[in-house]
Amino acid sequence: MKTLTYTREDGTVATWRDRKRLLWILALIPSSATFIAVGLVAATGWNAFWWAGPMIAFGLLPLLDVLAGEDGKNPPDEVIDALENDRFYRYTTYAYIPLQYSSFFLACYIWSAWDLSVLSNIGLAITVGVTAGIGINTAHELGHKKENLERRLSRLVLAQSAYGHFYIEHNRGHHVRVATPEDPASSRIGESFYRFWPRSVAGGVRSAWQIESKRLQRVGSPVWGPKNDVLTAWLMTVALFGASLAIFGLSIWPYLLIQAVFGFSLLEAVNYLEHYGLLRRRTPRGRYERCRPSHSWNSNHICTNVFLYHLQRHSDHHANPTRRYQTLRTMDEAPQLPAGYSTMILLAVVPPLWHRLMDPKVARHYAGDMRLANIQPGKRAKVLAAYGITDDAPAEEAYGERAE
């Protein structure tokens, strides 16, 4: 545990310890999911452990969230720079990558050489998909940084899940349009995860291509060329999958597809949680207000926060996109989820449970005026009527000074 000494505004000297410093190493567990699965199967003889990835993500993590509780403490402002410059934290994210690809290639070997049942192979593919999906969060952390090395590593991580365009769309699309109807990655009241998923997947691809095409046109470069970051990201996936098929045989292709789809579906499930029903209003000038802490759902459940590099402190991330995970703060204004992301994903895939829990929370967030919420088109009248609202006019008076 490292101790940082700092001087308060009143001139007194104080110390602060990051009590989670060594816990961040636990974030590497998902990157080793294949090795964990192999070890558990070898130790017990139970083929069920080929499904170790989802067991960890959706069984162990929710339980640990309950046992470990919440952590709402922030580092003092005076130690932020020292924390940002402590390379231990970034090396922890770098370490995810060799473990991720070791797990990936071990799985490819098992699919090709071991005589497993189809069910066991699918379980292993889902386990690898958990590594890929949580790896997207590692790519998210790296992709926001200013150093070229970290941005390159981000795209390398994304190759396994065939989601390299996320690097473009998230940074230059989602962060601009977050919590607006124009953002494909912001979910709406009345929209189930199963309706959100295709909208976000297709919208993300379309947005990334449009953003990159406009950038290349501005600098006078051809869209279909080596300077197109979307194309080069996709080519990394083609190279990875092509090499895997060449080395391990064509029989592994269904499992490559399963792990990629499951991986980016985990990302989309997280997208579904993060801004559900939250809406940035238009100012009198017709522009959207600045993104505020109130536009992202947060969670202080410590275990999932450690596994996801503080992703659940999402409001501070949108306020300070380049800030490193160890310095992200919890904010009083941010609405709180009732559980960590792992638990909330389980609820999201059962729409009646999700809507029963979260729709009233959105309503309370807006003091009952659902006109302020982001609502699925075609369901607006029904949603408003459910809360006793018959006037569908924009609620600018209720919105008040926040629109200025």
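The rules we used
- Residues numbered from 1 in each chain as written.
- Predicted model: local features only at pLDDT ≥ 70, side-chain atom pairs only at ≥ 80, totals over all residues.
- Heavy atoms only, no water.
- Helix = DSSP H or I, 4+ residues; strand = E, 2+ residues; numbered from the N terminus.
- Rg over C-alpha atoms; globule rule 2.2 N^0.38 Å.
- Buried < 20%, exposed > 50% of the residue type's maximum accessible area, 1.4 Å probe, protein only.
- Areas by Shrake-Rupley, 256 points an atom, 1.4 Å probe, with all protein chains shown as cover.
- Lys, Arg positive; Asp, Glu negative; His and termini not counted.
- Charge placed at Lys NZ, Arg CZ, Asp CG, Glu CD.
- Patch = residues over 30% accessible without salt bridge, like charges linked within 9 Å, V, L, I, M, F, W, Y side chains within 5 Å.
- Salt bridge = Lys/Arg side-chain N within 4 Å of Asp/Glu carboxyl O.
- Expected span 1.5 Å × (residues − 1).
- Contact = heavy atoms within 4.5 Å.
- Phe/Tyr/Trp six-rings, centres within 6.5 Å; stacked < 30°, edge-to-face > 60°.
- Pairing = 2+ DSSP bridges.
- Polar contact = N/O pair within 3.5 Å; in protein donor to acceptor, adjacent residues only side chain to side chain.
- Axes fitted to C-alpha atoms, helices over the stretch in contact; angles between N-to-C directions.
- Parallel < 35°, antiparallel > 145°, perpendicular 65-115°, else oblique.
- Left-handed = near helix turned anticlockwise from the far one by under 90°.
- Nonpolar A, V, L, I, M, F, W, Y, C, P; charged D, E, K, R; others polar.
- Core = buried A, V, L, I, M, F, W, Y, C linked by side-chain atoms within 4.5 Å.

### Here we look at the overall build of the chain
Piece 1. The number of helices and strands found in the chain is 17 helices and 2 strands.
Piece 2. Its C-alpha atoms give the chain a radius of gyration of 22 Å, within 12% of the compact-globule value 22 Å for 404 residues.
Piece 3. C-alpha extents for the chain along the principal axes are approximately 65 × 60 × 50 Å.
Piece 4. Counting the 404 residues in the chain, one finds 56% classified as buried.
Piece 5. Working note: accessible area of the chain is about 17900 Å², and carbon and sulfur atoms make up 60% of it.
Piece 6. Averaging the locations of the 43 positively and 35 negatively charged side chains of the chain gives two centres separated by 4 Å.

### A word on a negative patch on the surface
Piece 1. A cluster of like negative charges, contributed by Glu 9, Asp 10, Asp 77 and Glu 78, occupies part of the molecular surface.
Piece 2. For Asp 77, the position within the fold is in the loop between helix H2 (52-68) and helix H3 (80-84).
Piece 3. Judged by its relative accessible area of 60%, Asp 77 is exposed.

### Some points on the pattern of salt bridges
Piece 1. In this structure the tally under the stated criterion is 16 salt bridges.
Piece 2. Measuring nitrogen to oxygen at the nearest pair gives 2.7 Å for the salt bridge that ties Arg 177 to Glu 169.
Piece 3. Exposure remark for Glu 169: the relative accessible area of 6% places this residue in the buried category.
Piece 4. Note that Glu 212 is salt-bridged to Arg 172, the shortest N-O span being 3.3 Å.

### Let's talk about helix H7 (residues 148-159)
In an α-helix there are 3.6 residues to a turn, and that puts residues three or four apart on one side.
Piece 1. Taking 1.5 Å per residue as the helical rise, H7 with its 12 residues ought to reach 16 Å, and the 17 Å between its terminal C-alpha atoms agrees with that figure.
Piece 2. Within H7, burial applies to Glu 150, Leu 153, Ser 154, Arg 155, Val 157, Leu 158 and Ala 159.
Piece 3. On its buried side, H7 packs onto helix H4 (87-94), helix H5 (96-113), helix H6 (118-143), helix H8 (166-177) and helix H10 (229-248).

### Overview of the packing of aromatic side chains
Piece 1. Inspection of every chain in the model, using the stated rule, returns 21 aromatic pairs.
Piece 2. When the ring of Tyr 101 is compared with that of Phe 104, the centres are 6.2 Å apart and the planes differ by 75°; the resulting orientation is edge-to-face. Of this pair, Tyr 101 and Phe 104 both sit in helix H5, 3 residues apart, which is roughly one turn of that helix.
Piece 3. Taking relative accessible area as the criterion, Tyr 101 reaches 11% and is therefore assigned buried.
Piece 4. For Phe 104, a relative accessible area of 0% corresponds to the buried category.

### What about the pairing of strand S2 (residues 13-17)?
Piece 1. Burial along S2 is one-sided: Ala 14 and Trp 16 are buried, and none of Val 13, Thr 15 and Arg 17, which face the opposite way, are.
Piece 2. Of the pairings in the sheet, the one linking strand S1 (residues 3-7) to S2 comprises 5 bridges and is antiparallel in character. Residue pairing for S2: Thr 7 is matched across the bridge by Val 13.

### Observations concerning the environment of His 174
Piece 1. Locating His 174 in the fold gives a position in helix H8.
Piece 2. Distance in space between the C-alpha atoms of His 174 and Pro 184 is 7.9 Å, their sequence separation being 10 residues.
Piece 3. Apart from residues no more than four positions distant in its own chain, His 174 is found in contact with Glu 169, Asp 183, Ala 185, Ser 186, His 275 and His 318.
Piece 4. A distance of 3.4 Å separates polar atoms of two side chains, one belonging to His 174 and the other to His 275.

### As for the environment of Gly 368
Piece 1. Relative to the helices and strands, Gly 368 resides in the loop between helix H15 (351-365) and helix H16 (380-386).
Piece 2. Counting along the chain gives 130 residues from Gly 368 to Val 238, while the straight-line C-alpha distance between them is 49 Å.
Piece 3. Residues in contact with Gly 368, not counting those within four places in the same chain, are Ala 363, Tyr 387 and Ile 389.

### Things to note about the packing of H7 against H10
When two helices pack together, their arrangement is given by the angle between their axes and by how far apart the axes lie.
Piece 1. Packing of H7 against H10 leaves a shortest axis separation of 9 Å and a crossing angle of 50°. The orientation of H7 relative to H10 falls into the category oblique. Crossing handedness for the pair H7 and H10: right-handed. Residues Arg 155, Leu 156, Leu 158 and Ala 159 of H7 touch H10, and the partners they reach there are Asp 229, Thr 232, Met 236, Thr 237, Leu 240 and Phe 241.
Piece 2. The class makeup of the residues in the contact of H7 with H10 is 6 nonpolar, 2 polar and 2 charged.

### Observations regarding the side chain of Arg 280
Piece 1. Counting through the fold element by element, Arg 280 comes out in the loop between helix H11 (253-274) and helix H12 (302-307).
Piece 2. Of note is the side chain of Arg 280, whose polar atom sits 3.1 Å from the backbone oxygen of Val 176.
Piece 3. Reaching out from Arg 280, the side chain makes a polar contact with the backbone oxygen of Glu 289 at a distance of 2.9 Å.
Piece 4. Dropping the residues within four chain positions of it, Arg 280 is found in contact with Val 176, Arg 177, Val 178, Ala 179, Thr 180, Tyr 288, Glu 289, Arg 290, Cys 291 and His 295.

### Things to note about the nonpolar core
Piece 1. Ile 189, Tyr 276, Trp 354, Val 362 and Met 370 are the most contacted members of the largest nonpolar core, which has 51 residues in total.
Piece 2. The element contributing the most residues to this core is H11, with 5 residues.
Piece 3. Beyond its immediate sequence surroundings of up to four residues, Met 370 is in contact with Ile 189, Asp 359, Val 362, Ala 363, Ile 375, Val 383, Leu 384, Tyr 387 and Ile 389.
Piece 4. Judged by nonpolar contacts, the second largest core, of 44 residues, contains Tyr 94, Tyr 101, Leu 153 and Trp 209.

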